[in-house]
Amino acid sequence: MLRAAEGSVHEYRNAQLSPKGNAYMLYGGSEGLYATSANAQGSGVANGKSYIRFDSSLIFRRPADSVKNLNPADGNTGLVEAIIFEVADMDKIGGRVHDQRAFCCSADLSKEIGCPENEVIKRSSQEDPDWPQAHRVYFKGTDLEASFLFTDVNITRTGMYTLYFITCDSRLSGLVVSGKTVWKNPYGYLPGRMAPLMTFYGFLSLCYLILGLLWLLQYLRFWKDILQLQNCITLVIALGMVEMAMWYFEYVNFNRTGLRPMGITIWAVTLGAVKKTVSRLLILVVSMGYGVVRPTLGGLTSKVLLLGGTYFLAAESLDVVENVGTINDLSGKARLFLVLPVAILDAFFILWIFTSLSKTLEKLQARKQVAKLDLYRKFTNALAVAVVVAVVWIGYELYFKATDSYSEGWQNAWIISAFWSILTFLLLCVVCALWTPSQNSTRYAYSEDVGEDFEDEAAIALTAPNGGSKAAPDAEKAPVKERKPVNTDVFSLDDDVEEDKRE
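In this convention, every chain numbers its residues from 1, walking through the sequence in written order. In keeping with the predicted nature of the model, local features appear solely for residues at pLDDT of at least 70, side-chain atom pairs appear and are counted solely at 80 or more, and the whole-chain, interface and lining totals rest on all residues. Side-chain numbers come from the whole structure's heavy atoms, not from hydrogens or water.

(A) Geometry of a positive patch on the surface. Taken together, the side chains of K20, R96, R101 and R123 define a basic patch exposed on the protein surface. Structurally, K20 can be placed in strand β3 (residues 18–20). Working definition: with a 1.4 Å probe on protein chains only, accessible area under 20% of the residue-type maximum means buried, over 50% means exposed, and in between means partly exposed. Exposure remark for K20: the relative accessible area of 48% places this residue in the partly exposed category. Surface patches are defined over residues having more than 30% relative accessible area and no salt bridge, joining like charges when they lie within 9 Å and nonpolar side chains (Val, Leu, Ile, Met, Phe, Trp, Tyr) when within 5 Å. Using a 1.4 Å probe, accessible areas were evaluated by the Shrake-Rupley method; residue-level cover was limited to the displayed protein chains. Should a side-chain nitrogen of Lys or Arg be within 4 Å of a carboxyl oxygen of Asp or Glu, the pair is scored as a salt bridge. Note on charges: Lys and Arg go in the positive column, Asp and Glu in the negative column, and His and the chain ends are not counted at all. A single reference atom marks each charge: NZ on Lys, CZ on Arg, CG on Asp, CD on Glu. Numbering of helices and strands runs from the N terminus, with a helix taken as a DSSP run of H or I at least four residues long and a strand as a DSSP run of E at least two residues long.

Shown next, in the form of structure tokens:
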């Protein structure tokens with residue numbers, strides 16, 4: 001199998017060429033590459049040079065039975081071609097014979113179009129006659145192995161480049177490839193699609209740091225009035241900060257060394273999946289009114305945890321496929337099967353969130369808790385805007401991918417993944433603004449017996465003609481109810497029915 005476990009080093013471990021049309025082929029990789037800088041010089045990573053390098057370790061091996069009828073003194077007894085082309089020139093490779101795609105020049109095609117027989121059909125690009133390029137390796141006599149000379153292919157034009165190993169010799173059936181190729185951009189080893197993300201993750205890390213510092217100042221200032229919900233928000237901010245920092249340093253290391261250690265990438269992916277899960281659960285429990293209109297989630301706790309666990313597994317699987325060992329700038333088919341479960345779970349989250357918000361708003365309105373009602377209306381409006389923007393962006397993303405089958409828009413593809421990180425951060429900022437720690441934080445907390453009475457008395461005191469210095473006679477005679485301690489553990493399994501009876 002073609003392996004891509006190290007940075008921009010495309011590694012092949014006994015990868016076998018498979019039949020396709022009248023040729024045997026092996027896909028060698030695809031990356032967006034920028035043209036070599038006009039003032040490229042030096043030997044550093046960011047030296048302005050852009051190339052595809054055939055490493056000296058690249059070796060081709062043919063089966064032993066393929067040389068039975070050959071003599072050691074024979075000259076060239078087998079040809080393998082490494083074809084490199086920019087995606088805009090893909091129609092310059094191969095031709096058609098009897099409405100079928102042919103990559104190799106047959107005797108009939110040789111007479112018809114004048115191509116060299118038993119070689120890959122290749123026509124020069126109108127923009128650059130030196131492209132597409134074909135680099136040849138010959139087997140000698142009865143040798144079972146042939147190797148590439150140390151070769152650098154200089155990139156003179158910015159584009160999405162693809163490499164294929166092709167042989168037109170039927171005697172080389174069963175040919176395998178071992179070794180590696182190295183792909184480099186002018187700024188380093190990051191593939192072209194990933195390069196802007198390094199700067200983006202650095203910027204977003206700074207944004208999370210600023211948000212975290214502002215939140216921490218308020219948290220320390222009013223630490224005596226902190227709610228359980230605000231502790232959850234603190235956790236999400238911390239996870240986001242660490243996740244963005246890990247992605248940034250992982251990309252910096254990737255760009256500098258050309259290697260992408262699997263362990264670091266898995267840690268970054270796992271942190272990201274944890275943050276996505278906790279963020280969604282936070283929005284869900286807030287929508288349910290946890291800590292505001294209900295002290296616990298009651299019997300819903302197990303369902304919420306089950307949904308969160310399922311989402312974590314789905315998000316982790318998708319992110320591992322997308323990032324761990326990924327180099328090529330073309331998306332794999334496996335991703336399509338993993339996107340669907342995540343999309344379904346996200347839709348379920350949205351449905352449950354807005355259903356819960358509707359019930360919470362009804363409760364607050366029935367109890368006439370004006371301050372809490374205003375808070376939740378702002379929260380609902382922010383979520384509604386976020387969902388509408390997300391749906392519009394999903395439509396654009398589908399259009400972008402449907403009209404860009406060969407990744408010709410690779411230079412702008414980074415915006416697709418960056419958008420979701422930006423939307424998540426902005427929604428987190430809204431939640432932080434609504435639930436900022438303050439001396440009035442407990443005003444929005446759940447109160448078992450005197451929750452709304454307190455707000456009503458405060459409203460009367462503010463609107464009374466005499467400044468509210470005198471209380472109503474009935475209020476003076478009313479017995480004072482003793483407040484019962486409230487269980488604020490979000491993971492409590494207490495039945496929600498008891499809470500409804502108290503209300």
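After that view, the rundown keeps rolling.
(B) Spatial organisation of the nonpolar core. For this analysis, a nonpolar core means a set of buried residues of the types Ala, Val, Leu, Ile, Met, Phe, Trp, Tyr and Cys, connected via side-chain atoms within 4.5 Å. Core analysis: the largest hydrophobic core is formed by 60 residues, its most contacted members being I233, Y251, L284, V304, Y376, F379 and W435. Of all elements in the fold, only α2 (195–221), α3 (228–257), α4 (262–287), α5 (301–323), α6 (333–367), α7 (370–402) and α8 (414–434) reach the threshold of two or more residues within this core. Ignoring sequence-local partners within four residues, the contact set of I233 consists of W215, L282, V431, C432 and W435. Ranked by size, the runner-up nonpolar core spans 27 residues in total, among them L33, I84, F165 and L172. Contact between two residues is taken to exist if any of their heavy atoms lie within 4.5 Å; hydrogens are not considered.

(C) Up close: the state of the cysteines. A pair of sulfur atoms, both from cysteines and within 2.5 Å, is called a disulfide here. Applying the stated rule across the entire model yields 2 disulfides. Paired by a disulfide, C104 and C168 hold their sulfur atoms 2.0 Å apart. Looking down the S-S bond of the C104 and C168 bridge, the torsion is -90°, so its handedness is left-handed. Of this pair, C104 sits in the loop between β9 (100–102) and α1 (107–113) while C168 is found in the loop between β13 (159–167) and β14 (176–184), placing the two residues 64 residues apart along the sequence. Since its relative accessible area comes to 4%, C104 is described here as buried. By relative accessible area, C168 is classed as buried at 13%. Here C105 is linked by a disulfide to C115, with a sulfur-sulfur distance of 1.8 Å.

(D) Structural view of the sheet that holds β3. If you trace the 5 strands from one edge of the open sheet to the other, you get β3-β4-β13-β7-β10, paired in antiparallel fashion. Every interior strand has two partners, whereas the edge strands, β3 and β10 (133–140), have only one. Within this sheet the neighbouring strands show an average axis-to-axis angle of 35°, counted without direction. For two strands to pair, DSSP has to find at least two bridges joining them. As judged from the 3 bridges shared by β3 and strand β4 (residues 23–33), these two strands associate in the antiparallel manner. Residue pairing in the sheet places S18 in a bridge with M25 of β4. Throughout, an axis means a line fitted to C-alpha atoms (over the contacting stretch in the case of helices), and angles, computed between N-to-C directions, take values from 0 to 180 degrees.

(E) Up close: α8. Helix span is expected to be 1.5 Å times the residue number reduced by one. With 21 residues, α8 ought to run about 30 Å at 1.5 Å a step, and its terminal C-alpha atoms sit 31 Å apart, in line with that. In this structure, the buried residues of α8 make contact with α2, α3, α4 and α7.

(F) Expanded view of the packing of α4 against α5. One way to put it is that α4 packs onto α5 with a least axis distance of 9 Å and a crossing angle of 145°. Handedness of the crossing formed by α4 with α5: right-handed. Across the interface between the two elements, T265, V269, T270, A273, V274, K276, T277, R280, L281, L284 and V285 from α4 touch V304, L307, G308, Y311, F312, A315, E316, D319, V320 and N323 from α5. By definition, any crossing whose near helix is turned counterclockwise from its far helix by less than a right angle is left-handed, and any crossing with a clockwise turn is right-handed.

(G) Fine view of the pairing of strand β7 (residues 76–86). With 10 of 11 residues buried, β7 lies mostly within the body of the structure. Summarising the sheet, β7 and β10 pair through 8 bridges and their orientation is antiparallel. Paired with V80 across the two strands is V137, which belongs to β10.

(H) Just the UniProt feature "transmembrane region" (unreviewed entry) in the protein, in detail. Per the UniProt record, "transmembrane region" (unreviewed entry) is found at residues 200–220, 232–249, 264–285, 297–314, 334–354, 375–394 and 414–435. Regarding residues 200–220, the helix share stands at 100% and the strand share at 0%, and the terminal C-alpha atoms are separated by 30 Å. UniProt positions are given in the numbering used here, feature names are shortened, and annotations may be inferred rather than shown by experiment.

(I) Region of interest: the side chain of K275. Of note, K275 is situated in helix α4. When its relative accessible area of 7% is taken as the criterion, K275 is described as buried. Among all residues touching K275, those that are not within four sequence positions of it are Y208, V236, L239, G240, E243 and T424.

(J) Focus on unusual backbone geometry. Here the amide bond leading from W131 into P132 is cis, since omega sits at -10°, within 30 degrees of zero. Along the polypeptide, P132 turns up in the loop between α1 and β10. Its identity as a non-glycine residue notwithstanding, N14 has a phi of 50°, on the positive side. In this structure, N14 sits in strand β2 (residues 9–16).

(K) Layout of the packing of aromatic side chains. A pair of aromatic rings is counted whenever rings of Phe, Tyr or Trp (Trp by its six-membered ring) have centres within 6.5 Å, and the orientation is called stacked for planes under 30 degrees apart, edge-to-face for over 60 and tilted otherwise. Scanning the entire structure with this criterion turns up 23 aromatic pairs. Measuring from ring centre to ring centre gives 6.0 Å for Y376 and W435, while their planes differ by 90°; the resulting arrangement is edge-to-face. Here Y376 is found in helix α7, whereas its partner W435 is found in the loop between α8 and α9 (451–463), with 59 residues between them in sequence. With relative accessibility at 0%, the residue Y376 sits in the buried group. Given the relative accessible area of 3%, W435 is considered buried. Ring pairing ties together the aromatic residues F200, Y201, W247, Y251 and W414, which thus form one cluster.

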